[in-house]
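Observations on chain architecture
Each chain, letter by letter, is given below.
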Amino acid sequence: MKKWKCTVCGYIHEGEEAPEKCPLCGAAREKFVEIREKDDSVAPTSTKEEQPRENEVSKMTQLVLENFLHPISVHSPNGIIPMVVLLLVPAVLFSADSFATAAYYSLLFVLLAMPPVMITGYITWRSKYKGTKTALFTMKIAAACVASATLLVLVVWKTVQPDVLTASAGRWPFFLLSLLLLASVGIAGHLGGKLVFSNTK
Ligand SMILES: [Zn+2]
């Protein structure tokens, strides 16, 4: 049985032919290269083109990829945002000011943590995944942009109108936006997990 590797995401396919489309990242058949059984390395036909590009990889890119800076930086938003939503429940239902304040500072912290997430994500996509525009990456990038925009709106809103959560009709739209934020980081995180953990074969 032949083995084929997706050069975009690293997915391994076993069969006489490469699949028409990568089931993981959606890359076309041309992106697959055959893996030789003995040394498990990629057949020489495809690597020629990629070789010079890989030599150009900058120190910054190397630093990001080798130290897994994107998955690491992504844990601040992914860990804190669910907590923000939980804090907003008593804030919105019972006008609990201290919960509203805690949610606000958590959102502010996540906003500050966002630039490294976006930059390392972009670098990882450009280099490791060669900037491929399959459905998975388009969706992941869109989700990350929605998350950043929502986050910015929430922080600016509460800064401009400090009592939005406790003494205004804006509390429900604010809460709904926080759910949108949670959903978008959830989607971006889920797709990232799919990329990282599904090709361990
Ligand atoms: Zn793939």
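Glancing now at the overall build of the chain. Along its length, the chain carries seven helices and three strands. Counted from the first residue to the last, the chain has its helices and strands arranged as β-β-β-α-α-α-α-α-α-α. In the chain, which comprises 201 residues, the proportion classed as buried is 41%. For the chain, the proportion of contacts with a sequence separation of at least 24, taken over those separated by at least 6, is 62%. For the chain, the computed accessible surface area is about 11500 Å², with 66% contributed by carbon and sulfur atoms.

Before going further, it helps to examine the environment of Gly10. Within the secondary structure, Gly10 is located in the loop between strand 1 (3-6) and strand 2 (12-14). Judged by relative accessible area, which is 16%, Gly10 ranks as buried. For the pair formed by Gly10 and Cys25, sequence separation is 15 residues and the distance between their alpha carbons is 9.3 Å.

Taken together, the protein donors to the zinc ion comprise Cys6 (SG), Cys9 (SG), Cys22 (SG) and Cys25 (SG), at separations of 2.3 to 2.4 Å. Relative to the metal, the four donor atoms surrounding the zinc ion lie at angles of 107 to 115°, and the coordination shape comes out tetrahedral. Along the chain, the residues donating to the zinc ion are arranged with the sequence spacing C-x2-C-x12-C-x2-C. Take Cys6: its relative accessible area is 1%, and that puts it in the buried class.

The first and last C-alpha atoms of helix 4 (residues 75-94) sit 30 Å apart over 20 residues, in line with the 28 Å expected at 1.5 Å per residue. For helix 4, the set of buried residues is Pro77, Ile80, Ile81, Val84, Val85, Leu87, Leu88, Pro90, Ala91 and Val92. Contact partners of the buried residues in helix 4: helix 3 (69-73), helix 5 (97-127) and helix 7 (171-197). Trailing helix 4 by a residue or two, Ser95 shows a phi angle of about 50°, which is positive.

One recurring pattern in soluble globular proteins: nonpolar side chains tend to sit buried together. One finds Val84, Leu88, Leu107, Leu151, Leu165, Phe174 and Leu181 to be the most contacted residues of the largest nonpolar core, which totals 26 residues. Elements with a contribution of two residues or more to this core: helix 4, helix 5, helix 6 (135-160) and helix 7. Looking at this core, the element that brings in the most residues is helix 4, giving eight residues. If near-sequence neighbours (up to four positions away) are discounted, Leu165 is found in contact with Leu88, Ala91, Val92, Ala100, Lys158, Arg171 and Phe174. Residues Leu24, Ala27, Tyr129 and Leu191 belong to the second largest nonpolar core, which totals 17 residues.

Of the two faces of strand 1, the one lined by Trp4 and Cys6 is fully buried and the one lined by Lys3 and Lys5 carries no buried residue. Here strand 1 folds back onto strand 2, and the loop between the two strands holds five residues, one of which, Gly10, carries a positive phi near 90°. Both strand 1 and strand 3 (residues 32-35) contribute to a ladder of four bridges, which runs antiparallel. If you follow Lys3 over to strand 3, its bridge partner there is Ile35.

If you trace the backbone, His70 turns up in helix 3. By relative accessible area, His70 is classed as buried at 15%. Aside from chain neighbours lying at most four places away, what touches His70 is Val117, Thr120, Gly121, Thr124 and Lys140.

This next bit is on the packing of aromatic side chains. Counted according to the given criterion, the structure contains five aromatic pairs. Here Trp172 and Phe175 contribute two aromatic rings whose centre-to-centre distance is 6.1 Å and whose plane-to-plane angle is 90°, an arrangement assigned as edge-to-face. Residue Trp172 and its partner Phe175 are both found in helix 7; the two are separated by three residues, about one turn of the helix. For Trp172, a relative accessible area of 44% puts it in the partly exposed group. Accessibility expressed as a relative area gives 13% for Phe175, which makes it buried. The positively charged end of Arg126 is found above the aromatic ring belonging to Trp125, 5.8 Å away from the centroid. Over the aromatic face of Tyr104 sits the side chain of Lys158, whose NZ or CZ is 5.6 Å from the ring centroid.

Calculation criteria
- Residues numbered from 1 in each chain as written.
- Predicted model: local features only at pLDDT ≥ 70, side-chain atom pairs only at ≥ 80, totals over all residues.
- Heavy atoms only, no water.
- Helix = DSSP H or I, 4+ residues; strand = E, 2+ residues; numbered from the N terminus.
- Buried < 20%, exposed > 50% of the residue type's maximum accessible area, 1.4 Å probe, protein only.
- Contact = heavy atoms within 4.5 Å.
- Areas by Shrake-Rupley, 256 points an atom, 1.4 Å probe, with all protein chains shown as cover.
- Donors = N, O, S within 2.8 Å, 3.2 Å for Na, K, Ca; no water.
- Tetrahedral: all angles 85-135°; square planar, octahedral: opposite > 155°, others 65-115°.
- Expected span 1.5 Å × (residues − 1).
- Core = buried A, V, L, I, M, F, W, Y, C linked by side-chain atoms within 4.5 Å.
- Pairing = 2+ DSSP bridges.
- Phe/Tyr/Trp six-rings, centres within 6.5 Å; stacked < 30°, edge-to-face > 60°.
- Lys NZ or Arg CZ within 6 Å of the ring centre and 35° of its normal.

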